[in-house]
Amino acid sequence: MTKPRKVAAETDIAQGLHYVDAESGSVVPPIVPSTTFARDENYALIASQYSYGRDENPGFAVVEQMLTRLEGGAAGLLFSSGMAAAAAVVQSLSPGEHIVVPKVMYWGLRNWLVEFCGHWGIELDQFDPADPDDLADKVQAGRTSLVWVESPCNPTWDVIDLEIAAEVAHGAGARLAVDSTVATPVLTRPLEFGADIVMHSATKYLNGHADVIAGALVTAECEEFWERICRQRANTGAIAGPFEAWLLQRGMRTLFLRVRNASQSALVIARHFAAHPGLECVLYPGLADHPDHETAKKQMHGGYGGMLSLCVKGG
Ligand SMILES: Cc1ncc(COP(=O)(O)O)c(C=O)c1O
């Protein structure tokens, strides 16, 4: 049970949305390992939303509500991994659809997209995130159904202007999905810039303790495509385990403190190495000479993230 309250997101998340168990008064949600749920003599479920563990688990709700609160969305879904979350979006498209993704992004997802879209009959185009016009050139009006971006993107930390990406996607009749793993909702809330779906590898900052593999999606609207994604998770069983869900809600309570500290440290490290004679360059959107520094200033609030790249002279 959670009570809606008007407090800062930081406080809300630190308190797990002020969870209080209706039966026991416990302020920490229980872990429910049950795979199946009881029915009465008429075969009606005792709690109508829970029937089988591949569809739902009581431990998912608090995590999904925390994610929704963090991103300012309409609903959230917890997955077994970031890859599973991204795959559920793409697998909810139909053969023949066209999608546009960045050339520079998390390599595991890019490789899967190329292979899966080839098999599934989805046409895939890749745009150069460093070229501000390339996304608009690759999107086809009336034909593209999904634009996928990652911001900042690994490992160049290019920052995609989400407002422009949303305009381009929507102008063509497509949805915009954003992998916001690196920014986290502490620094950027993509739905506020017009994105339709936000994705996270919750394995990273959201959990923050290197002991959970999980993924998340948050939607701006609960429309038909979102319903398809929900069914995709249930049908393919791309769910987190009850223990992982519990660890994640605990890890997320310190998200704001961790991300702000990591961002401050990354900026100090980036500035320290910026003029190092052994380096070609330092890639970090918080440095004034990063090509996307102005975009980062516009859409990243309170820091530029904890990730940076050092390009060593000599390869
Ligand atoms: C930006 C980004 N997106 C997605 C993923 C995939 O997430 P997971 O490892 O939780 O499946 C990763 C993992 O490194 C990542 O860094």
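The paragraphs below set out a description of the structure included in this document.

Let us now look at the sheet that holds strand 4 (residues 144-150). Sheet strands line up and pair through hydrogen bonds in the backbone, either parallel or antiparallel. Pairing is mixed across the open sheet formed by 7 strands, whose spatial order is 1-7-6-5-4-2-3. Looking at strand neighbours, the two that pair on one side only are strand 1 (75-79) and strand 3 (123-127), the edges of this open sheet. Averaged over all pairs of adjacent strands, the angle between strand axes in this sheet comes to 20°, irrespective of strand direction. Direction of pairing for strand 2 (residues 98-102) relative to strand 3: parallel, over a ladder of 5 bridges. Note on strand 3: the bridge partner recorded for Val101 is Gln126. Across the sheet, helix 4 (residues 107-120) touches strand 2, strand 3, strand 4 and strand 5 (175-179), and the angle it forms with strand 3 is around 150°. Contacts from helix 8 (residues 224-236) reach strand 1, strand 5, strand 6 (197-201) and strand 7 (215-219) within the one sheet, and its direction differs from that of strand 1 by about 25°.

Glancing now at the site of the ligand. In the region of the ligand, the neighbouring residues are Ser81, Gly82, Met83, Tyr106, Glu150, Asp179, Thr181, Met199, Ser201, Thr203, Lys204 and Ala214. Protein chains bury 87% of the 390 Å² of accessible surface belonging to the ligand in isolation. Taken together, the residues of the shell around the ligand break down into 4 nonpolar, 5 polar and 3 charged.

Residues Ala245, Trp246, Leu247, Leu248, Gln249, Gly251 and Met252 constitute the buried set of helix 9 (residues 242-252). On its buried face, helix 9 sits against helix 1 (9-14), helix 2 (58-71), strand 1 and helix 10 (255-273).

Throughout the structure, instances matching the rule amount to 12 salt bridges. Measuring nitrogen to oxygen at the nearest pair gives 3.0 Å for the salt bridge that ties Glu10 to Arg260. Of this pair, Glu10 sits in helix 1 while Arg260 is found in helix 10, placing the two residues 250 residues apart along the sequence. By relative accessible area, Glu10 is classed as partly exposed at 31%. Across the salt bridge formed by Lys138 and Asp134, the nearest N and O atoms sit 3.1 Å from each other. Placement of the pair is Lys138 and Asp134 together in helix 5 (residues 134-138), with a separation of 4 residues, close to one helical turn. Overall, the relative accessible area of 22% leaves Lys138 in the partly exposed class. On the basis of relative accessible area, Asp134 is assigned to the buried category, the value being 9%. Here the salt bridges share partners, and the residues they tie into one network are Glu56, Glu64 and Arg233.

The subject of this paragraph is the environment of Leu217. Assignment of secondary structure puts Leu217 in strand 7. Given the relative accessible area of 0%, Leu217 is considered buried. Placed 146 residues apart in sequence, Leu217 and Glu71 show a C-alpha to C-alpha distance of 9.8 Å. Setting aside residues up to four positions removed in sequence, Leu217 forms contacts with Ala75, Gly76, Leu77, Phe79, Ala85, Val89, Ile197, Val198, Met199, Trp226 and Ile229.

Let's shift gears to helix 8. Here helix 8 contains 13 residues, and its C-alpha end-to-end distance of 18 Å stays within 8% of the 18 Å for a straight helix at 1.5 Å per residue. For helix 8, the complete set of buried residues consists of Phe225, Trp226, Ile229, Gln232, Arg233 and Ala234. The elements touched by buried residues of helix 8 are helix 2, strand 1, helix 3 (82-91), strand 5, strand 6 and strand 7. Count one or two residues on from helix 8 and you reach Gly237, which has phi positive near 70°.

Definitions and limits used
- Residues numbered from 1 in each chain as written.
- Predicted model: local features only at pLDDT ≥ 70, side-chain atom pairs only at ≥ 80, totals over all residues.
- Heavy atoms only, no water.
- Pairing = 2+ DSSP bridges.
- Helix = DSSP H or I, 4+ residues; strand = E, 2+ residues; numbered from the N terminus.
- Axes fitted to C-alpha atoms, helices over the stretch in contact; angles between N-to-C directions.
- Contact = heavy atoms within 4.5 Å.
- Near = heavy atom within 4 Å.
- Areas by Shrake-Rupley, 256 points an atom, 1.4 Å probe, with all protein chains shown as cover.
- Nonpolar A, V, L, I, M, F, W, Y, C, P; charged D, E, K, R; others polar.
- Buried < 20%, exposed > 50% of the residue type's maximum accessible area, 1.4 Å probe, protein only.
- Salt bridge = Lys/Arg side-chain N within 4 Å of Asp/Glu carboxyl O.
- Expected span 1.5 Å × (residues − 1).

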